[in-house]
Amino acid sequence: MSELPARPGRLNGLRHIALLVPNLEECERFYVDVLGMEVLNRANEDLVYLTCGNDNLSLGRGAGAANGLQTLDHYGFIVDSVEELEAWYQYFKARGVTLLDKPFNHGDGARSFHLLDPAGNKVQPLYHPAVSGQQLV
C-alpha cells in the first residue's frame, strides 16, 4: 500500500459562502445597501460575487424556497496560491475524497474545484486574488 501524501499547508480560512436565491436582485440590494458589502464581480446575470474586503459571498439565482429557509450551494476554504490549490487537489485525490471536478479558472482570476464531505456537503477549495494571501488575526 502506498503512503498517502502529507496534507498541504494550512488553509487560510472559511471565507467563501455560496447561496442560491430565487430573488437575486433583491438579495444583492440587501447585502449591498443594507449590510454594506461591495460587488466584487458580476460573473453573469445569474451570479454575483460580493465582499466586505476579506471574504467572498456568491449569490446565484436558483430555485429555492422564499420562505426563510436557506439554500446553501457550497462553502469555500481560501488557499493562498494556485500551486497550493493544486497540492490540495492531489492530496484529496490520493485520499479518495469524492471530487466533483478538476481545478478550473474563473473569469476573474480565481481558480477552484469542488468536492463532497462525508455528509454530502459541497466544499470548494478556492484561490481568489482578491481574498487569498490575506493574514487575519
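Residues numbered from 1 in each chain as written. Predicted model: local features only at pLDDT ≥ 70, side-chain atom pairs only at ≥ 80, totals over all residues. Heavy atoms only, no water.

Caption draft 1: Main features of a nonpolar patch on the surface. Nonpolar side chains collect at one region of the surface, where Phe30, Val34 and Leu35 lie side by side and expose about 290 Å² of accessible area between them. Among the structural elements, Val34 can be located in helix 1 (residues 24–34). Among the residues examined, Val34 registers a relative accessible area of 58% and is labelled exposed. (Patch = residues over 30% accessible without salt bridge, like charges linked within 9 Å, V, L, I, M, F, W, Y side chains within 5 Å. Areas by Shrake-Rupley, 256 points an atom, 1.4 Å probe, with all protein chains shown as cover. Salt bridge = Lys/Arg side-chain N within 4 Å of Asp/Glu carboxyl O. Helix = DSSP H or I, 4+ residues; strand = E, 2+ residues; numbered from the N terminus. Buried < 20%, exposed > 50% of the residue type's maximum accessible area, 1.4 Å probe, protein only.)

Caption draft 2: Molecular detail of helix 2 (residues 82–94). Counted at 1.5 Å a residue, the expected span for helix 2 with its 13 residues is 18 Å, and the 19 Å between its end C-alpha atoms agrees. Every buried residue of helix 2 is accounted for by Glu84, Leu85, Trp88, Tyr89, Tyr91 and Phe92. For helix 2, the angular spread of buried residues about the axis comes to 165 degrees, placing them on one side. In the core, the buried residues of helix 2 are packed alongside strand 5 (72–79), strand 7 (111–112), strand 8 (115–116) and strand 9 (122–127). Count one or two residues on from helix 2 and you reach Gly96, which has phi positive near 80 degrees. (Expected span 1.5 Å × (residues − 1). Arc of directions from axis to C-beta. Contact = heavy atoms within 4.5 Å.)

Caption draft 3: Structural detail: the nonpolar core. If you look at the biggest cluster of nonpolar residues, it comprises 11 residues: Tyr75, Val79, Leu85, Trp88, Tyr89, Tyr91, Phe92, Phe113, Leu115, Val123 and Tyr127. Secondary-structure elements contributing two or more residues to this core are strand 5, helix 2 and strand 9. Take this core: its biggest share by element is 5 residues, from helix 2. For Trp88, the contacting residues outside a window of four places in its chain are Arg7, Pro8, Gly9, Leu11, Val79 and Phe113. Membership of the second largest hydrophobic core comes to 10 residues, among which are Leu19, Val21, Cys27 and Leu50. (Core = buried A, V, L, I, M, F, W, Y, C linked by side-chain atoms within 4.5 Å.)

Read these as layout, nothing more, since geometry by itself doesn't imply function.
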